[in-house]
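# Tertiary structure, described
Listed below, chain by chain, are the residues.
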Amino acid sequence: MPPQLQNGLNFSAKVVQGTLDSLPSAVREFVESSTTLCQPDHIHICDGSEEENQRLLECMEGEGVIKRLKKYDNCWLALTDPRDVARIESKTVIITHEQRDTVPIPKTGLSQLGRWMSEEDFEKAFSARFPGCMKGPLVNSWACNPELTLIAHVPDRREIISFGSGYGGNSLLGKKCFALRMASRLAKEEGWLAEHMLILGITNPEGEKKYFAAAFPSACGKTNLAMMNPTLPGWKVECVGDDIAWMKFDQQGNLRAINPENGFFGVAPGTSVKTNPNAIKTIQKNTIFTNVAETSDGGVYWEGIDEPLAPGVTLTSWKNKEWSPEDGEPCAHPNSRFCTPASQCPIIDPAWESPEGVPISGIIFGGRRPTGVPLVYEALNWQHGVFVGAAMRSEATAAAEHKGKVIMHDPFAMRPFFGYNFGKYLAHWLSMAQRPAAKLPKIFHVNWFRKDKEGRFLWPGFGENSRVLEWMFKRINGEDSAKLTPIGYIPAEDALNLKGLGSINVKELFHISKEFWEKEVEDIQKYLEEQVNADLPYEIEREVLALKQRISLM
């Protein structure tokens, strides 16, 4: 914290559990200076026990912060302020000495690749928020103050300073703040990768297993893919993680990944026995639900849950009001969540907590693209694959404060999470190809969301996506089952296993329109030139021009 704020206030909080003497000196110093600054009445030093966890839950229940859901075992409902329901990118900042350390300098307007705040402006913002913020019911309440919300990162000091938001993506500081924004900067310095990626293991009928890491923007099916029940006979998927991957090359040149999280923080709406049966099984106990609807018999409900209400059972909406379909608004917030232990997932991978990580054979990028982008294609090589990640675009979602179905650039699904300059991030990814003996994974792009002219999805998705993973699996094993196109390799005719699927318009699903891709590459080029500007690596410029050239020859 700014040093001038550490002095001159009273240290008078009562320690109600634990002792300050039990803390390492640096931790004790932080607690004491923060207490002097924020002036809480009490200090509770956590011991991490299950007894403590239950006491804290009961304390919050007594204060009306959470509500017990009697239909389930140790499940709870939390309802946030309606103004505090999602990540707030406009109030999420990184503080560095130079702006260019955090974001490239765009040609015009504000950067879309993160928010920089100067050290001087942060000092003022800090001073306006933190002094006395934990002392009784003051106006500048630390826990929930949507007007003054600020999620700040100071990477040079390895600090995260969050104020005014109780929404998970902002207040679970180990999640996006540390595991992506701070960790991506650490990864750059130390030569590894911290990515917004699920990790899954897939085993074929012969018992051969491969691991994939996949980057999709929020609400594009990451959790569904990570917990998939394959429809293909004999295939098995196991989940390592559904949101974050830390990856580094081992001494043998294998890219190995760990999931640094202990649980899942999943979007509830659209989660059902049909779309994600394993998630439904996972959340039956020891789960905190946020901003979902509550049933009168003590259960939870949301749009897309696909379970009819029992006769006589009524709903209370996430706004804590009686709800009926005639109300004209959803019973659960579109970004309502479940927070649940990963260990409860029925298909959790046996190696999900392995310290050495799991070996990654393939990296998948994807987004929600209603038109133009085929179901799957494979990058031509590592450099082209990095460009594919940089060129990712997807419909905006409820996980951020954007409105409508606008197609947004979301490179590597990391746009809200970069911890440093995106141009330098691209250079870091490209440098992996220079690692001695590096066995580079194949890179793919998927789009489960392409629609026909009537607006119907061309691909059934969910468990049927195992058919796409099967094709990738065989490509990694060297199978000659691909056809070269201007954008990459797509499955050769009859190479994608469609047995038992019924009528699929394969031609439209894989159609690559010259007109669409001419516009797509123009948009990508404009975005990279304007947003990344002088920090765009020449290798990516070259990939843009090469794609333009290939499309022109269609």
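A short tour of the structure in this document, coming up. Per-chain numbering applies: the sequence of each chain, read as written, is numbered from 1 onward. Totals for whole chains, interfaces and linings use every residue, but because this is a predicted model, local features are given only for residues with pLDDT of at least 70 and side-chain atom pairs only at 80 or more, for both listing and counting. The side-chain numbers reported here are obtained from all heavy atoms of the structure, hydrogens and water having been left aside.

### Comments concerning the environment of Leu225
Strands are runs of DSSP state E lasting at least 2 residues, helices are runs of H or I lasting at least 4, and numbering of each runs from the N terminus. In this fold, Leu225 is placed in helix H7 (residues 222-226). Spatially, the C-alpha atom of Leu225 lies 37 Å from that of Lys107, the residues being 118 residues apart in sequence. For this analysis, residues touch if any pair of their heavy atoms sits within 4.5 Å. Aside from chain neighbours lying at most four places away, what touches Leu225 is Leu198, Leu200, Ala214, Phe216, Val237, Trp448, Asn465 and Leu469.

### Some thoughts on the environment of Ala128
With respect to the element layout, Ala128 can be found in helix H4 (residues 119-129). Here the alpha-carbon distance between Ala128 and Ala492, two residues 364 residues apart in the chain, equals 61 Å. Residues within four places of Ala128 in sequence aside, it is in contact with Asn140 and Leu148.

### What to know about the sheet that holds strand E7 (residues 150-154)
With mixed pairing, the 4 strands of this open sheet are ordered in space as E6-E5-E7-E8. At either margin of the open sheet sits one strand with a lone partner, and together these are strand E6 (116-117) and strand E8 (159-163). Note that strand E5 (residues 92-95) and E7 share 3 bridges and pair parallel. Note on E7: the bridge partner recorded for Val93 is Ala152. To obtain each axis, a line is fitted to C-alpha atoms, and for helices this fit is confined to the stretch in contact; angles are then taken between N-to-C directions over 0 to 180 degrees. The strands touched by H4 within the sheet are E5, E6, E7 and E8, with E7 carrying the most contacts at an inclination of about 135 degrees. The pairing criterion is simple: DSSP has to find at least two bridges between the two strands.

### A few points about the side chain of Lys222
Mapped onto the elements, Lys222 comes out in helix H7. Assessed through its relative accessible area of 7%, Lys222 is described here as buried. The residues touching Lys222, leaving out its near neighbours within four places in the chain, are His196, Leu198, Ala214, Phe216, Asp242 and Asp243. Each residue's exposure class comes from its accessible area (1.4 Å probe, protein chains only) as a fraction of the maximum for that residue type: buried when under 20%, exposed when over 50%, partly exposed otherwise.

### Things to note about the side chain of Glu261
Among the secondary structure elements, Glu261 is positioned in the loop between strand E14 (255-258) and strand E15 (263-267). Among the residues examined, Glu261 registers a relative accessible area of 14% and is labelled buried. We call two N or O atoms a polar contact when they sit within 3.5 Å, provided that within protein one can donate a hydrogen and the other can accept it, with sequence-adjacent residues counted only if both atoms are side-chain atoms. Side-chain polar atoms of Glu261 contact the side chain of Lys175, separated by 2.6 Å. If sequence neighbours within four positions are ignored, Glu261 has contacts with Lys175, Asp242, Asp243, Ile244 and Trp352.

### A closer look at unusual backbone geometry
Of note in this structure, Asn74 is not a glycine but carries a positive phi near 55 degrees. Assignment of secondary structure puts Asn74 in the loop between strand E3 (66-68) and strand E4 (76-78). Unusually for a residue other than glycine, Asp494 sits at a positive phi of about 70 degrees. Of note, Asp494 is situated in the loop between strand E28 (488-491) and helix H12 (506-509). Judged by relative accessible area, Asp494 falls into the exposed class, the value being 73%.

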